[in-house]
There are 4 protein chains.
Amino acid sequence: MKQKSDKRRQEIITAAMNFFAEKGYHSTKISDISNKLNMAHGTFYIYFQSKAEIFSDIVEQYIKKLDQIFISVPYKAANISEFKNFVQTLGDEIFNLIVEDQKMAQIIFSQGANTDKKLKKKIVELMNKMDQLIESILIEGINRKFLVASMDTEIVAKAFRGMLVAGINDVAMNEISMERKERWINSILRIGLDGLV
Amino acid sequence: MKQKSDKRRQEIITAAMNFFAEKGYHSTKISDISNKLNMAHGTFYIYFQSKAEIFSDIVEQYIKKLDQIFISVPYKAANISEFKNFVQTLGDEIFNLIVEDQKMAQIIFSQGANTDKKLKKKIVELMNKMDQLIESILIEGINRKFLVASMDTEIVAKAFRGMLVAGINDVAMNEISMERKERWINSILRIGLDGLV
Amino acid sequence: MKQKSDKRRQEIITAAMNFFAEKGYHSTKISDISNKLNMAHGTFYIYFQSKAEIFSDIVEQYIKKLDQIFISVPYKAANISEFKNFVQTLGDEIFNLIVEDQKMAQIIFSQGANTDKKLKKKIVELMNKMDQLIESILIEGINRKFLVASMDTEIVAKAFRGMLVAGINDVAMNEISMERKERWINSILRIGLDGLV
Amino acid sequence: MKQKSDKRRQEIITAAMNFFAEKGYHSTKISDISNKLNMAHGTFYIYFQSKAEIFSDIVEQYIKKLDQIFISVPYKAANISEFKNFVQTLGDEIFNLIVEDQKMAQIIFSQGANTDKKLKKKIVELMNKMDQLIESILIEGINRKFLVASMDTEIVAKAFRGMLVAGINDVAMNEISMERKERWINSILRIGLDGLV
DNA sequence: CATGAATGAGGCTTCATTCAT
DNA sequence: AATGAATGAAGCCTCATTCAT
């Protein structure tokens, strides 16, 4: 009956994600979740040890997925054109993830920081990891002479992550249209490549 | 009496801000605040109607300050050099505000969204206002031919707001050094003007 | 089938005893028992109607055993020497029971009283029965002139039961060594026969 | 208002003691206590951090009192008569304590062992301390030649503690009559001095 | 204005017991 | 006989808010 059990577990996760995304962690009651699924609240505790645990699980799942993207997109950049493609693909993948897991994105990016300290830390870690990955791309670009050497890579990396997060939120809050996603990717790339002037 | 009363009110706000910034809205108890100030719990309710109210007050106060900046910085941009100066001054002022009210920045930018719906809405409003103000600057720049006409101003405005927020958080989290602030302003301006290539 | 069924029933009792002895009645969960035996929770209820029932069963089983001892040890006391032998044999048997069912002893003597009223009552009954049996031995001894007539048999019986219980606990708590058991029997007899002076 | 506050605290302790003594720790609900005192259950938590804490407090208070007795009774035993007096006084004081705090005695001596591990440990410690104190009296008596040297002081001390505990329980369970108390003291002393033969 | 004891709605969690398979 | 998911009564505890002093 593992199958059935897993299905129920997933139902709970889905319901929980919706509530977390909509009302935030603290305003979401276990009873919201159990009522939504027409089950006794005790049932929740068969699948999760606590409310904190399910939140933690959800966030962790998402962090792994994001991590995966940075790992899986092949870094090929023999020339500037390939470098641009790489960056574009990366952006694409990240936005696609959000399209898939819109609720999760909202949970993590629009309210992450203010629950338990442990989770806050986890989310800060995620941000730091994104910063590092972006910075490594910048440095690579500088070494290959695709990017200007004079930039402050630490800050610029964070700035781009900031844009990314804003984009994620924006796309997640607007019923997620592909068209909007494209606009974000194009704009960010454009800013990166040419600036606004 | 008014004087003394106002002083006490401000003390409560300051204490509350510190706790909100550190522990988040839900984890901050009225007793945290009253204990910190060595006053009875009941006293809090002489100055504020509820916990939600003080949070709301704090955020609103901050929104006004931010608003003030956009209003007060004189918009003079007869030529591109003046335009650059204007943008730089604006950035300077915004970061200065954060230096002054570090705790508030943390409250609003790193954990604002996940409290009550009303508050969430208010913070979204703040973001939207920033977007609008930034977009108006972009449009002005385009009209004056300082900026390229082909950009997607709506998205670009949000992207820059994203950078700004990332910068605010970064500066707020790092004991606020002037030097770091300068690095952010320079980097953002540089990105806007020249891109990374 | 009966055979197998009985075996399973006994396994449950054994597991339950261990947990009751270790954690007490209230802290022992049905799931502790079923997990220990690698069976489903529901299975427990095939063999016992409730948690209270199994506890009751365990205690009752023990009471019967104790009872049995008092019945089975032949009361021969034609002279003081035989009387001493009788008392010694009795003590021996009682301590032997504890050696066999160490866990039960712990359950009953060191934590029995604080569960349900019904159970408490049962344990008080056990104590009372012990008191009566001891008192009857005392009275017999007095009648035969082996013991001094002036004693307060009711109280003295309870006092000796108190020693017995202390001894049971002590032996049960100390990995049950035969040597320690002997020390207890000797000391109690010695106290009874000669006092400490 | 410390006064008033202390009064309420004491009321809660008294009510709690009664319920603990009657129903045991686990069967006593916070609502039993608050209902009894016609107060909201939340009020309980103004005075005590948790149910475990109040129980712990009660036990600890009692342990201290018992401890105090052993400390306060002056040990004078120049001759056997004084030694007897000393022992008698000690017994008297201990039983008097029980007369005063009948409920506490029941809590500690008839059900102590089976709540939290911490408390169990505390009660075992109490017993051990009693054992040590009694043993020290025995050894003192032996050194002074008031008592026979051949006894097994460790075991005998525990045996007498066992009698004491049985007496405490018995007196506590029987509406506490002075007369019964006297019978116990006399019987225990008599056993100790002369044995039963 | 200040106090702080009191309130009680409401949340989280546990676990004995049931029952459809 | 056995299973184990589901149930839900019941308990512990929190904390924003009130109010008599």
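Residues numbered from 1 in each chain as written. Chains lettered and ligands numbered in written order. Predicted model: local features only at pLDDT ≥ 70, side-chain atom pairs only at ≥ 80, totals over all residues. Heavy atoms only, no water.

K.L.:
For this particular structure, what's the right way to read the overall build of chain A?
P.N.:
For chain A, the helix and strand inventory stands at 9 helices and 0 strands. Viewed in the frame of its principal axes, chain A has a C-alpha envelope of about 60 × 35 × 35 Å. In chain A, which comprises 197 residues, the proportion classed as buried is 51%. For chain A, the accessible area works out to roughly 9,500 Å², and carbon and sulfur atoms hold 51% of it. Taken together, the 28 basic and 25 acidic charged side chains of chain A have centroids lying 5 Å from each other. (Helix = DSSP H or I, 4+ residues; strand = E, 2+ residues; numbered from the N terminus. Buried < 20%, exposed > 50% of the residue type's maximum accessible area, 1.4 Å probe, protein only. Areas by Shrake-Rupley, 256 points an atom, 1.4 Å probe, with all protein chains shown as cover. Lys, Arg positive; Asp, Glu negative; His and termini not counted. Charge placed at Lys NZ, Arg CZ, Asp CG, Glu CD.)

K.L.:
Where do I start with the protein's contact with DNA strand F in this structure?
P.N.:
If you check the shell around DNA strand F, you find 31 residues, and the closest are A40(A), H41(A), Y47(A), Y47(C) and Y45(D). Counting only the atoms of DNA strand F that lie within 4 Å of the protein, the sugar and phosphate share comes to 64%. Interatomic distance of 2.6 Å between a side-chain N/O atom of Y47(C) and a phosphate oxygen of DNA strand F. Within the side chain of H41(D), one N or O atom sits 3.0 Å away from a base nitrogen of DNA strand F. Contributing elements (two or more residues each) for the surface near DNA strand F: α3 (41-47) of chain A, α3 (41-47) of chain B, α3 (41-47) of chain C together with α3 (41-47) of chain D. (Near = heavy atom within 4 Å. Polar contact = N/O pair within 3.5 Å; in protein donor to acceptor, adjacent residues only side chain to side chain.)

K.L.:
What exactly am I supposed to notice about the environment of Y62(B) here?
P.N.:
Within the secondary structure, Y62(B) is located in helix α4 (residues 51-72). Sequence separation of Y62(B) and L97(B) is 35 residues, and the distance between their C-alpha atoms is 9.2 Å.

K.L.:
I'm lost on the protein's contact with DNA strand E in this one. Help?
P.N.:
Taken together, 31 residues sit near DNA strand E, with Y45(A), S5(B), Y47(B), H41(D) and Y47(D) positioned nearest. In the model, a phosphate oxygen of DNA strand E is placed 2.9 Å from a nitrogen or oxygen of the I30(C) main chain. Within the side chain of Y47(D), an N or O atom sits 2.5 Å from a phosphate oxygen of DNA strand E. Listed by contribution, the elements that provide at least two residues to the surface near DNA strand E are α3 of chain A, α3 of chain B, α3 of chain C together with α3 of chain D.

K.L.:
Got a minute to help me understand the domain arrangement of chain A in this structure?
P.N.:
How big an interface is tends to be stated in terms of the accessible area lost upon association of its parts. Residue and element names in this part refer to chain A. In terms of domain boundaries, chain A breaks down into domain 1 (1-48) and domain 2 (56-194). Each partner contributes residues to the interface: domain 1 has 11 residues there, and domain 2 has 11 residues. Carbon and sulfur atoms make up 65% of the surface buried where domain 1 meets domain 2, a total of about 920 Å² over both sides. The largest contributions to the domain 1 side of the interface with domain 2 come from M17, A21 and Y25, which together make up 50% of the buried area. Across the salt bridge formed by D57 and R9, the nearest N and O atoms sit 2.9 Å from each other. (Domains from an automatic or database assignment. Contact = heavy atoms within 4.5 Å. Buried area = accessible area lost by both parts, 1.4 Å probe. Salt bridge = Lys/Arg side-chain N within 4 Å of Asp/Glu carboxyl O.)

K.L.:
Is there a simple way to think about the relation of the copies chain C and chain D in this case?
P.N.:
The relation between the two chain copies is a rotation about an axis coupled with a shift along that axis. By a simple turn and slide, chain C fits onto chain D: the slide is 0.1 Å along the axis, the RMSD is 0.3 Å, and the turn is 179°. Both copies of the chain, as the preceding transformation shows, are related through a two-fold rotation axis. Residue G195(C) of chain C places its C-alpha closer to the rotation axis than any other residue of that unit, at 1.6 Å. Comparing interface residues between copies, 98% of those in chain C also sit at the interface in chain D, which points to an isologous, same-surface contact. (Least-squares fit on C-alpha atoms with pLDDT ≥ 70 in both.)

K.L.:
Is there a simple way to explain the interface of chain A and chain B in this structure?
P.N.:
The interface is formed by 43 residues belonging to chain A together with 42 residues belonging to chain B. For the chain A and chain B pair, buried surface summed over both sides reaches about 3,800 Å², with 58% attributable to carbon and sulfur atoms. At the junction of chain A and chain B, the tally comes to 8 salt bridges. Residue D170(B) pairs with K158(A) through a salt bridge whose shortest N-O separation is 3.9 Å. On inspection of chain A and its partner chain B, the count reaches 8 residue pairs in polar contact (both at pLDDT 80 or more). Looking at the side of chain A that touches chain B, the elements that each hand over two or more residues are α1 (2-23), α6 (102-111), α7 (117-143), α8 (153-173) and α9 (178-194) of chain A. Sort the elements by how many residues they give to the side of chain A that touches chain B and α8(A) lands first, with 12 residues. Across the side of chain A that touches chain B, the residue classes break down as 20 nonpolar, 11 polar and 12 charged. (Nonpolar A, V, L, I, M, F, W, Y, C, P; charged D, E, K, R; others polar.)

K.L.:
Would you take a moment to explain the side chain of T153(C) for this structure?
P.N.:
Structurally, the position occupied by T153(C) is in helix α8 (residues 153-173). T153(C) has contacts with E135(C), L138(C), I139(C) and I142(C), leaving out every residue within four places of it along the chain.

K.L.:
Sorry if this is basic, but what is going on with the relation of the copies chain A and chain B here?
P.N.:
By a simple turn and slide, chain A fits onto chain B: the slide is 0.0 Å along the axis, the RMSD is 0.4 Å, and the turn is 179°. When you check the interface residues of chain A against chain B, 95% turn up at the interface there too, and the contact is symmetric in its surfaces.

K.L.:
How do you make sense of the packing of α8(C) against helix α8 (residues 153-173) of chain D when you look at a structure like this?
P.N.:
The angle between the axes and the distance between the axes are what describe a pair of packed helices. Close contact between α8(C) and α8(D) brings their axes to 7 Å; oriented N to C, the two are set at 125°. Taken together, α8(C) and α8(D) sit at an angle that is classed as oblique. By crossing handedness, the relation of α8(C) to α8(D) is classed as right-handed. Judged by residue contacts, I155(C), K158(C), A159(C), R161(C), G162(C), M163(C), A166(C) and D170(C) of α8(C) engage I155(D), K158(D), A159(D), R161(D), G162(D), M163(D), A166(D) and D170(D) from α8(D). The residue makeup of the contact of α8(C) with α8(D), split by class, is 8 nonpolar, 2 polar and 6 charged. (Axes fitted to C-alpha atoms, helices over the stretch in contact; angles between N-to-C directions. Parallel < 35°, antiparallel > 145°, perpendicular 65-115°, else oblique. Left-handed = near helix turned anticlockwise from the far one by under 90°.)

K.L.:
I tried to follow the nonpolar core on my own but got confused; where do I start?
P.N.:
Grouped together as the largest cluster of nonpolar side chains are 130 residues, with contacts concentrated most on I54(A), I58(A), I12(B), I54(B) and I58(B). The residues contacting I54(B), other than those within four sequence positions of it, are I12(B), I13(B), A16(B), F20(B), F44(B) and F48(B). Of all hydrophobic cores here, the second largest spans 129 residues; its members include M130(C), A16(D), F20(D) and I58(D). (Core = buried A, V, L, I, M, F, W, Y, C linked by side-chain atoms within 4.5 Å.)

K.L.:
Looking at this structure, how should I read the arrangement of the chains?
P.N.:
With no contact between them, chain B and chain C keep their nearest C-alpha atoms 31 Å apart. The least C-alpha distance between chain A and chain D, which are not in contact, is 21 Å.

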